[in-house]
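Each chain is listed here by its residues.
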Amino acid sequence: MGRAGRPIGGVSIGIPMDEPRKDDDGVVLTEAQKRARRSRSIAIALALGALVILFYIMTLVKGPGVLVRPI
């Protein structure tokens, strides 16, 4: 598509941001989907926490020598 299909000056003309949105519930999750989402969130949090602890332990094992580097 050529130039005619693009917005003028790179600004699209649509719904203004200050205009209130319609009351649309969007996607409503079932209880099983909510439980699955919570389980995934907890699993991600535990994995991230384990990774942080692993990095901390590795830093302690390496000792202060990890900071001594030639410039």
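Our structure's up above, just so we're on the same page.
Remember, it's a predicted structure, so these values are computed and weren't measured experimentally. (Residues numbered from 1 in each chain as written. Predicted model: local features only at pLDDT ≥ 70, side-chain atom pairs only at ≥ 80, totals over all residues. Heavy atoms only, no water.)

Visitor: Talk me through the overall build of the protein chain; I want residue IDs and the actual numbers.
Guide: Along the protein chain, the regular secondary structure elements total one helix and zero strands. For the protein chain, the proportion of its 71 residues judged to be buried stands at 1%. Accessible surface computed for the protein chain: about 7,600 Å², of which carbon and sulfur atoms make up 64%. (Helix = DSSP H or I, 4+ residues; strand = E, 2+ residues; numbered from the N terminus. Buried < 20%, exposed > 50% of the residue type's maximum accessible area, 1.4 Å probe, protein only. Areas by Shrake-Rupley, 256 points an atom, 1.4 Å probe, with all protein chains shown as cover.)

Visitor: Now, about a nonpolar patch on the surface: what can you tell me, with residues and values included?
Guide: Residues Leu48, Leu51, Val52, Leu54, Phe55 and Met58 make up a contiguous nonpolar surface patch of about 580 Å² in total accessible area. Along the chain, Met58 turns up in helix α1 (residues 31–62). Classification of Met58 by relative accessible area gives partly exposed; the value is 40%. (Patch = residues over 30% accessible without salt bridge, like charges linked within 9 Å, V, L, I, M, F, W, Y side chains within 5 Å. Salt bridge = Lys/Arg side-chain N within 4 Å of Asp/Glu carboxyl O.)

Visitor: Explain the pattern of salt bridges residue by residue, including any values.
Guide: Tallying each qualifying case throughout the model produces one salt bridge. In this structure, Lys34 engages Glu31 in a salt bridge whose closest nitrogen and oxygen atoms are separated by 3.8 Å. Of this pair, Lys34 and Glu31 are both found in helix α1, three residues apart, which corresponds to roughly one turn of the helix. The class of Lys34 is partly exposed, set by a relative accessible area of 43%.

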